[in-house]
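Chains, contacts and geometry: an overview
In case you want the letters, here they are:
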Amino acid sequence: DIDDLASWAEHDAAAEVEVWKKALERGETGALPDRWRRGYREACLACMEALATTSAVRDGILHRDLHPEQIFIGGGQVGFVDLDEVAVGEAELDLGNLTAHLELADLQEHGESRSAPLLAEAFLNSYATKRSFTADRLAAYRASSLLRLASLARLGGRDRSVLPWDSLAEGLVRRAIDGLR
């Protein structure tokens with residue numbers, strides 16, 4: 001029942017840390033280029049720390065896997081697909097994941113940031129006209145998403161990216177670290 005959010009599954013920072021543990025293990029067991037493992041681990045721990053020390057407001061419905069391929073726009077309407085992980089939680093999780101995927105798409109398509117920063121800014125500015133979000137939480141969740149993406153070697157295949165896997169992973173890790181500063 002959409003009117004009874006108390007009955008919905010909840011996804012909070014503690015649940016996100018559990019997701020993180022799996023990504024951290026992937027990064028340490030071979031998916032990441034060797035030269036990025038230490039920085040990846042340090043960035044993962046920094047994300048967990050940021051999630052533990054910044055304020056949270058769990059007041060919204062989350063997609064939990066929000067990225068451009070999950071959003072359909074047409075006829076003045078916006079729709080979402082793949083709702084199997086929907087939960088109640090912090091909007092910053094979805095916002096961070098979406099903006100991280102915009103950055104990933106730029107790196108895969110162009111090998112550098114081009115439209116992602118402008119698209120993310122426009123989206124977040126529009127979102128802020130309807131609902132508020134916390135910038136430091138958003139930064140932590142964005143970095144979290146970038147690092148999780150960096151642990152997925154399948155994203156760097158020739159059919160998916162102009163960058164070889166190690167360069168794509170390096171770019172994602174670097175952006176995550178920069179976003180936590």
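Attention now goes to helix α5 (residues 135-150). Spanning 16 residues, α5 covers 22 Å between terminal C-alpha atoms, matching the ideal 22 Å at 1.5 Å per step. With respect to burial, α5 is a largely interior element, 12 of its 16 residues being buried. Buried within α5 are the following residues: Arg137, Leu138, Ala140, Tyr141, Ala143, Ser144, Ser145, Leu146, Leu147, Arg148, Leu149 and Ala150.

Before going further, it helps to examine the nonpolar core. Formed by 28 residues in total, the largest nonpolar core has its most connected members in Trp20, Tyr40, Leu147, Leu168 and Leu172. Within the residue set of this core, elements represented by two or more residues are α1 (13-31), α2 (37-53), α3 (91-110), α5 and α6 (165-180). Considering each element in turn, this core owes the most residues, six residues, to α6.

This part covers the environment of Asp94. By the element assignment, Asp94 lies in helix α3. Along the backbone, Asp94 and Leu62 are 32 residues apart, and their C-alpha atoms lie at a distance of 6.4 Å. When sequence neighbours within four positions are dropped, the list of residues in contact with Asp94 reads Ile61, Leu62, His63, Arg64, Asp65 and Leu66.

Our focus in this paragraph is the environment of Thr129. You can see Thr129 is positioned in the loop between α4 (116-128) and α5. Assessed through its relative accessible area of 62%, Thr129 is described here as exposed. The sequence separation of Thr129 and Ser167 amounts to 38 residues, and the corresponding C-alpha distance is 36 Å.

Bridging between strand β3 (residues 71-74) and strand β4 (residues 77-80) involves four bridges; their strand directions are antiparallel. Looking at the pairing, Ile71 lines up with Phe80 of β4.

Turning our attention to a nonpolar patch on the surface. A surface patch of nonpolar side chains, amounting to about 430 Å² of accessible area, comprises Ile73, Val78, Phe80 and Leu83. Considering the arrangement of structural elements, one finds Leu83 in the loop between β4 and β5 (87-89).

So, on to the pattern of salt bridges. The full count for this structure, using the stated rule, is six salt bridges. The salt bridge involving Glu170 is made with Arg174; its shortest N-O contact spans 2.8 Å. Note that Glu170 and Arg174 are positioned in helix α6 at a spacing of four residues, about one turn of the helix. Here Arg174 falls in the partly exposed class, since its relative accessible area comes to 36%. Here Asp178 makes a salt bridge to Arg181, at a shortest N to O gap of 3.0 Å. You can call Asp178 partly exposed: its relative accessible area is 41%. Arg181 gets classed as exposed once you look at its relative accessible area, which sits at 75%.

In this section: the sheet that holds strand β1 (residues 10-11). Strand order in the open sheet formed by three strands is β1-β5-β2, and the pairing between neighbours is mixed. Each edge of the open sheet carries a strand with a single partner, namely β1 and β2 (60-62). Each of β1, β2 and β5 is contacted by α3, which is oriented at about 40° to β2, the strand it contacts most.

This part is about the packing of aromatic side chains. Enumeration according to the criterion identifies two aromatic pairs in this entry. A centroid spacing of 6.3 Å and a plane angle of 40° characterise the contact between Phe123 and Tyr127, whose relative ring orientation is tilted. Residue Phe123 and its partner Tyr127 are located together in helix α4, separated by four residues, close to a single helical turn. A centroid spacing of 6.1 Å and a plane angle of 55° characterise the contact between Tyr127 and Phe133, whose relative ring orientation is tilted. Look at Tyr127 and you get buried, because its relative accessible area is 19%. Members of the aromatic cluster, each reached through a chain of ring pairs, are Phe123, Tyr127 and Phe133.

The rules we used
- Residues numbered from 1 in each chain as written.
- Predicted model: local features only at pLDDT ≥ 70, side-chain atom pairs only at ≥ 80, totals over all residues.
- Heavy atoms only, no water.
- Helix = DSSP H or I, 4+ residues; strand = E, 2+ residues; numbered from the N terminus.
- Expected span 1.5 Å × (residues − 1).
- Buried < 20%, exposed > 50% of the residue type's maximum accessible area, 1.4 Å probe, protein only.
- Core = buried A, V, L, I, M, F, W, Y, C linked by side-chain atoms within 4.5 Å.
- Contact = heavy atoms within 4.5 Å.
- Pairing = 2+ DSSP bridges.
- Patch = residues over 30% accessible without salt bridge, like charges linked within 9 Å, V, L, I, M, F, W, Y side chains within 5 Å.
- Areas by Shrake-Rupley, 256 points an atom, 1.4 Å probe, with all protein chains shown as cover.
- Salt bridge = Lys/Arg side-chain N within 4 Å of Asp/Glu carboxyl O.
- Axes fitted to C-alpha atoms, helices over the stretch in contact; angles between N-to-C directions.
- Phe/Tyr/Trp six-rings, centres within 6.5 Å; stacked < 30°, edge-to-face > 60°.

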